[in-house]
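# Remarks on the overall topology
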Amino acid sequence: MALDIRRFIQRFVEEAADHLPRLREGISALEQGQADREQINELFRAAHTLKGSSRMLKLVPITALSHSTEELLSALRDGTLTATPTVTSLLNQAVDGLSDLVSRLADGATGDDLPAADEALCSALENAAHGQPPTQHSTPDTPTPPSSSSTSSATLVTENELRLSDTVRVRLDRLDDVIRLMGEVLSGHHHLHGLVDQARELSTTLPAEQQAPFHAFHRELKDSVLSHESLMSDLHDRALQMRMLPLSVVFDPLAHMSRELAQSLGKQVDCRVQGSEIELDRQMIDRLSDPLIHLLRNALDHGLELPAERQAAGKPFRGQLTIEAWQDADWVVVEMRDDGAGIALDAVRQKALAKQLINEEQLNALSEQETLELIFLPGFSTKSMITDFSGRGVGMDVVKRTVVDEFNGDLQLASEPGSGTRFTLRLPLSLAMMRVLLVSVGGVNLGVTAPYVSELVECSSHSFIDAAGQRTLILRNEFVPVISLAQLLELPTTTAATDNTLLLVVHQRHQKLALIIDSLIDERDMVIKPLPAHLRYLPLVSGMVSMGRNALVSLLHVPALLEATRHNALRPSHERASPTLAKRILVVDDSLNTREIEKDVLEAWGYHVTLAENGRDGLAKALAAPFDAVLTDVEMPVMDGFALTSQLRENEVYRHRPIIIIITSREKEADRRRGIEVGADAYIVKGSFDQNNLIETLQALLG
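Residues numbered from 1 in each chain as written. Predicted model: local features only at pLDDT ≥ 70, side-chain atom pairs only at ≥ 80, totals over all residues. Heavy atoms only, no water.

### Structural notes on the pattern of salt bridges
- With the rule as written, the count across this model stands at 32 salt bridges.
- Between arginine 426 and aspartate 328 there is a salt bridge whose closest N-O contact spans 3.0 Å. Of the two residues, arginine 426 is situated in strand E7 (residues 420–428) and aspartate 328 in strand E4 (residues 319–328); the sequence distance between them amounts to 98 residues.
- Between arginine 422 and glutamate 335 there is a salt bridge, and its shortest N-O distance comes to 3.7 Å. (Salt bridge = Lys/Arg side-chain N within 4 Å of Asp/Glu carboxyl O. Helix = DSSP H or I, 4+ residues; strand = E, 2+ residues; numbered from the N terminus.)

Structural data, given as structure tokens:
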């Protein structure tokens, strides 16, 4: 895809509209002898920025004139030259020339349409920078009548400067202040809702004759609060929109960069960009650039093959790279995919072991997807990706941390050997304000951002099962660990008045956790405040929100909660079998929680457990090494449990072993019969799951 240079020229015009007035103000201060060293530095930086930006866009006349101006300002900055009337006159003429050229761009001209830079003016500027007198150029000391072209140029500059632009450049920090203050006003306004409720309660204590007028006051107060809340919310949304930028700011340079980087690697690539008009908050755009550049370099270096290798594999010699974005409700999804060789799982396993990021036993227990995601571990790869861009300090672990921790988003990885790799980033539209669920635990109010909330569940404590010492809830064919949030945070534990337990089910991708809470307070859009420096060591807190009169509420960092509780359950003290004698069990389930809980139960009884995330993954692992038993779910993507059981029974190793146990939520008799028909030795329903029943069944089958 060709790079649309017009977008960047328009952005350059807007940038120049900020720098040119600064240059004029600074030169005026020089003329009056009021410019200090820092002001001269600012003049130099403005000219340097114009030179660099114009050079990237091949605006040759602007680059030449900016360079000569920069030379003169550099001499003033170094103190080798003083600001004489001749010097300031030359600088004013240079700014006039730059304004003329920028005005032509604003009127639709391209770099090829611009007239050449005034060579005499450029020479005079550079001569003055080296202490040489200007030659054959108009200055106050050597007046000459202006030429007709100079006159028309001056007229053009004047006309363009008098014409008001339809845009105004605002410093980003000022815009941030406006958005922050609007957020504070909106957050503080929620306190008025409490006053409205208090007024309603107060009305019940008034004498009967005062009820009618007070009801009228309460109604008017409520309507006013709701009306102002709508206006303030709209105003805050409009302020946020001013800080939104299209993803083309990042996507278009990536597309251009992909071709150059591919050539440096001896490869060829066609980069296709879609959805670049989708907008994100400027704060996110700024921080998204480096992770996307790293994913791009990774795709070009590790993913796409050399042309000869592609042709040998029956592929087009040019690699295909797609960068696509689309909006999904309040989220933006960014996807980068290639048609390269895919990620070699064996290479991932070997590197993880070689770098001692995981031991062999842990590695064998990982599913195919979990093995792929080892590339996100810190220090997984130390290879310098591209020499020209080395030293950025951005690895796959930083990509994940940026997306998941900083953006409160999600990062998914999929790879097919020989077909390519896909990274999918799911991002909120803005970090300034997010939907927050407010709950009460142990007398303390806490918040959880809505993207991490799965659902609220109220159930009897008798609904829980014991799985390897871990309280567990069976929720729609999935085992979900249950944790007391008060105990986890070391808060006072309250005694419930009823037998019912309120659970906040949080999730991150395939992992879920049910948190016991006391009550739900509210759900609303709230301004997220970053933690102050002295509190950033708290791993379970990601930020703060304000409730009413300076009441701050901590936001729980769900990824850290999940990590802290994943292997925190108590294990029963059964005597473990010797590792050399332990039976080898393969657990196949698409639910991460279910796999982990079944693994904990089995390991507590001394079994050696390997995990697989679907039927295809399970089949591959079962054929790679023999197992004494296979525990499989029925409903799974790619290949279900019935198909897995049937195919294993066709294999000589598994044909006569009493091994296949189907653990499922499907209770129909027809499903049971089908399980037996395909060769299952036992059929356990998750709704009536009991760990003792599972162990007894295994022991009976294995002898």
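Read on for the rest.
### A word on helix H3 (residues 60–78)
- Along its 19 residues, H3 runs 27 Å from first to last C-alpha, staying within 8% of the 27 Å computed at 1.5 Å per residue.
- Glycine 79 sits one or two positions beyond H3 and adopts a positive phi of about 80°. (Expected span 1.5 Å × (residues − 1).)

### Section: the pairing of strand E18 (residues 551–556)
- As judged from the two bridges shared by strand E9 (residues 444–449) and E18, these two strands associate in the parallel manner. By the bridge assignment for E18, glycine 447 is matched with leucine 555. (Pairing = 2+ DSSP bridges.)

### So, the sheet that holds strand E21 (residues 629–632)
- Strand order in this open sheet of five strands is E20-E19-E21-E22-E23, and the pairing throughout is parallel. Two strands in the sheet have a free side with no partner beyond their single neighbour: strand E20 (608–612) and strand E23 (682–685). The average angle at which neighbouring strand axes cross in this sheet is 20°, direction not considered.
- Looking at chain direction, strand E19 (residues 584–588) and E20 are connected through five bridges and run parallel. Following the sheet pairing, valine 587 is matched in E20 by leucine 611.
- Contacting E19, E20, E21 and strand E22 (660–664), helix H18 (residues 592–604) crosses the sheet at an angle of about 170° to E20.
- Helix H20 (residues 641–649) rests against E19, E21 and E22 of the sheet, and its axis sits at about 180° to E22. (Axes fitted to C-alpha atoms, helices over the stretch in contact; angles between N-to-C directions. Contact = heavy atoms within 4.5 Å.)

### Describing the side chain of serine 53
- Summarising the element assignment, serine 53 is placed in helix H2 (residues 37–56).
- Residue class for serine 53 comes out buried when judged on its relative accessible area of 17%.
- Here glutamate 15 takes part through its side chain, which lies 3.1 Å from a polar atom of the side chain of serine 53.
- Among residues more than four places away in sequence, those in contact with serine 53 are Phe12 and Glu15. (Buried < 20%, exposed > 50% of the residue type's maximum accessible area, 1.4 Å probe, protein only. Polar contact = N/O pair within 3.5 Å; in protein donor to acceptor, adjacent residues only side chain to side chain.)

### Remarks on the pairing of strand E15 (residues 511–517)
- With seven of its seven residues buried, E15 lies for the most part within the structure.
- Burial along E15 is two-sided: the face carrying Gln511, Leu513, Leu515 and Ile517 and the face carrying Lys512, Ala514 and Ile516 are both buried.
- Relative to E15, strand E13 (residues 479–484) is paired through three bridges, and the arrangement is parallel. Pairing of serine 484 across the sheet is with isoleucine 516, part of E15.
- Summarising the sheet, strand E14 (residues 500–508) and E15 pair through seven bridges and their orientation is antiparallel. Opposite valine 505, over in E15, you have alanine 514 as the bridge partner.
- Joining the antiparallel neighbours E14 and E15 is a turn of two residues, in which arginine 509 adopts a positive phi near 55°.

Remember, this is a structural readout, not a statement about activity or role.
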